[in-house]
Amino acid sequence: MDGNNASDLPPVKEEAFCKYVLYYGLNNSRVRIWDLIILIPNALFVLFLVVRFNKAQLKLRATSSPIFLTFYSLVWGNVIVSVIRCAVSMTVNAAMPVGGLIDKILWVIVRFFLLATEMSVVIFGLAFGHMDSRSSIRYVLLATSLISLAFTVTQGTLEIIMPNDMFHIDIGDYDLFGHGGMLFWFTSSLVFAVIYFIILLLPWIPLREYLALPTKLSFYLYVLLLALLDTTQAIGAGLLTWGDVPSALCVVDVTTWLYFSLYTPLVYHTFLSEFFSVSQPSIMFSYKAQMDEPLDDDQVSLPHQQSFSSLKTDSDYIYQQSNSVYDSTLFEAGGTTPMNPVYSASLQSPDSIASGQSIDIGVAFQNQNMLST
């Protein structure tokens with residue numbers, strides 16, 4: 001769906017289904033099929049996040065590691081921006097100059113959020129997972145935001161100044177959004193694919209001796225999926241740019257839909273689902289304070305008295321044990337998430353507290369009887 005130097009290629013025929021689906025409106029309305037099929041999975045994911053919001057909020061309060069809140073916020077930001085883009089695109093007239101410009105700007109904004117998240121995940125996993133501090137998170141987010149901004153500004157500029165004739169709609173005389181052009185789309189997809197394949201090779205090359213590489217399989221499956229997605233997208237864009245294969249537009253459409261509809265749920269499933277679903281997940285990121293970051297009072301962990309009640313509530317599963325300021329569990333199995341002691345009392349179930357009190361009373365009576373005898 002992209003092109004800038006492909007203006008010499010003949011436009012894709014209007015009746016081609018994979019182009020038709022990009023601009024056709026239901027019942028001749030502004031609700032385009034393309035926007036609708038992207039909106040539905042994003043809206044369902046928003047509903048999923050809303051249903052689990054209260055439990056997620058408790059879990060985030062119960063950990064002193066800021067990385068989970070960071071990625072949870074990125075997930076929310078991505079899906080909200082995607083929903084807004086779809087909704088606005090359904091209300092503006094893309095055939096009008098102002099409507100078309102708004103639609104393109106919204107596409108670029110969504111791409112900015114997704115790309116910033118995409119780069120942040122890789123950087124935290126490979127370089128900063130062992131320095132899960134607030135300052136390092138700020139530096140990473142700033143760096144990824146700047147890179148993503150440069151990328152999307154370039155993409156938006158190419159899209160507005162050099163629209164591809166391949167995506168020009170004769171009926172209505174306007175251009176579809178082409179993500180910066182086929183040549184730009186091919187080049188960027190190929191670069192990202194190469195980066196992801198290099199990451200997949202890191203555990204088998206000598207460089208692994210100098211890197212604290214992730215050990216969890218889920219991280220490498222995540223990287224593999226993105227590598228395959230970018231590779232497929234680069235092939236489709238290349239065929240449209242140099243091969244003059246109109247059917248390759250279907251390849252680009254499918255990969256574009258997968259990225260803008262399912263990437264955010266993929267991030268949630270890979271990096272947050274285990275944290276929100278079990279009491280002591282094997283986390284991918286750990287927290288420790290840096291030399292320039294003093295310890296807060298709420299970062300000192302206290303021993304946890306286990307519940308002796310056979311009836312466990314949600315609080316029992318949310319509470320997590322931590323016996324140090326941080327657990328060195330960088331992408332390793334069997335790690336535990338640091339617990340914020342401020343919430344330890346509030347997260348214990350009444351059964352746990354009652355059981356602990358009854359046991360203490362029983363021990364006291366037993367000691368008193370032994371002394372009397």
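Residues numbered from 1 in each chain as written. Predicted model: local features only at pLDDT ≥ 70, side-chain atom pairs only at ≥ 80, totals over all residues. Heavy atoms only, no water.

The protein is annotated in an unreviewed UniProt entry as (African queen) hypothetical protein of Danaus chrysippus. Its UniProt record gives the protein a comment under Sequence similarities (unreviewed entry), which states: "Belongs to the UPF0359 family." Per its UniProt entry, the protein bears the Subcellular location (unreviewed entry) comment "Membrane". (UniProt positions renumbered as here; feature names shortened; annotations may be inferred.)

(A) Expanded view of the overall build of the protein. The helix and strand tally for the protein stands at 13 helices and 2 strands. Taken across its 373 residues, the protein has 48% of its residues classed as buried. Within the protein, contacts between residues separated by at least 24 positions form 77% of all contacts whose residues are at least 6 apart in sequence. For the protein, the computed accessible surface area is about 18100 Å², with 68% contributed by carbon and sulfur atoms. (Helix = DSSP H or I, 4+ residues; strand = E, 2+ residues; numbered from the N terminus. Buried < 20%, exposed > 50% of the residue type's maximum accessible area, 1.4 Å probe, protein only. Contact = heavy atoms within 4.5 Å. Areas by Shrake-Rupley, 256 points an atom, 1.4 Å probe, with all protein chains shown as cover.)

(B) Focus on the state of the cysteines. Under the criterion given, the structure shown has 1 disulfide. Here Cys18 is linked by a disulfide to Cys250, with a sulfur-sulfur distance of 1.9 Å. One disulfide, between Cys18 and Cys250, carries an S-S torsion of 100° and so falls in the right-handed class. One end of the pair, Cys18, is in helix 1 (residues 17–23); the other, Cys250, is in helix 9 (residues 248–271), with 232 residues separating them in the sequence. On the basis of relative accessible area, Cys18 is assigned to the buried category, the value being 11%. Classification of Cys250 by relative accessible area gives partly exposed; the value is 30%. (Disulfide = S-S within 2.5 Å.)

(C) Up close: the packing of aromatic side chains. Under the criterion given, the structure shown has 25 aromatic pairs. With a centroid separation of 6.4 Å and 85° between ring planes, the pair formed by Tyr72 and Trp76 is classed as edge-to-face. Highlighted residues: Tyr72 and Trp76, both in helix 4 (residues 66–91), separated by 4 residues, approximately one helical turn. For Tyr72, a relative accessible area of 6% puts it in the buried group. The class of Trp76 is buried, set by a relative accessible area of 19%. Grouped by ring-pair contacts, the aromatic residues Phe71, Trp107, Phe124, Phe177, Phe219, Tyr220, Tyr222, Tyr259, Phe260, Tyr263 and Phe271 constitute a single cluster. Above the ring of Trp107, the side-chain terminus of Arg85 is found at 3.8 Å from the ring centroid. (Phe/Tyr/Trp six-rings, centres within 6.5 Å; stacked < 30°, edge-to-face > 60°. Lys NZ or Arg CZ within 6 Å of the ring centre and 35° of its normal.)

(D) View of unusual backbone geometry. Look at His179: it is not a glycine, yet its phi comes out positive at around 55°. Position of His179 among the secondary structure elements: in the loop between strand 2 (174–175) and helix 7 (182–201). The class of His179 is buried, set by a relative accessible area of 1%.

(E) Representation of the packing of helix 2 (residues 33–51) against helix 4 within the structure. Direction vectors running N to C along helix 2 and helix 4 enclose 140°, while the axes themselves pass 9 Å from each other. Between helix 2 and helix 4, the angle falls in the class oblique. Seen from above, helix 2 lies across helix 4 with left-handed handedness. Residue-level inspection shows Asp35, Leu36, Ile38, Leu39, Asn42, Ala43, Phe45, Val46, Leu49 and Val50 of helix 2 in contact with helix 4, the latter providing Tyr72, Val75, Trp76, Val79, Ile80, Ser82, Val83, Arg85, Cys86, Ser89 and Met90. When its residues are assigned to classes, the contact of helix 2 with helix 4 shows 16 nonpolar, 3 polar and 2 charged. (Axes fitted to C-alpha atoms, helices over the stretch in contact; angles between N-to-C directions. Parallel < 35°, antiparallel > 145°, perpendicular 65-115°, else oblique. Left-handed = near helix turned anticlockwise from the far one by under 90°. Nonpolar A, V, L, I, M, F, W, Y, C, P; charged D, E, K, R; others polar.)

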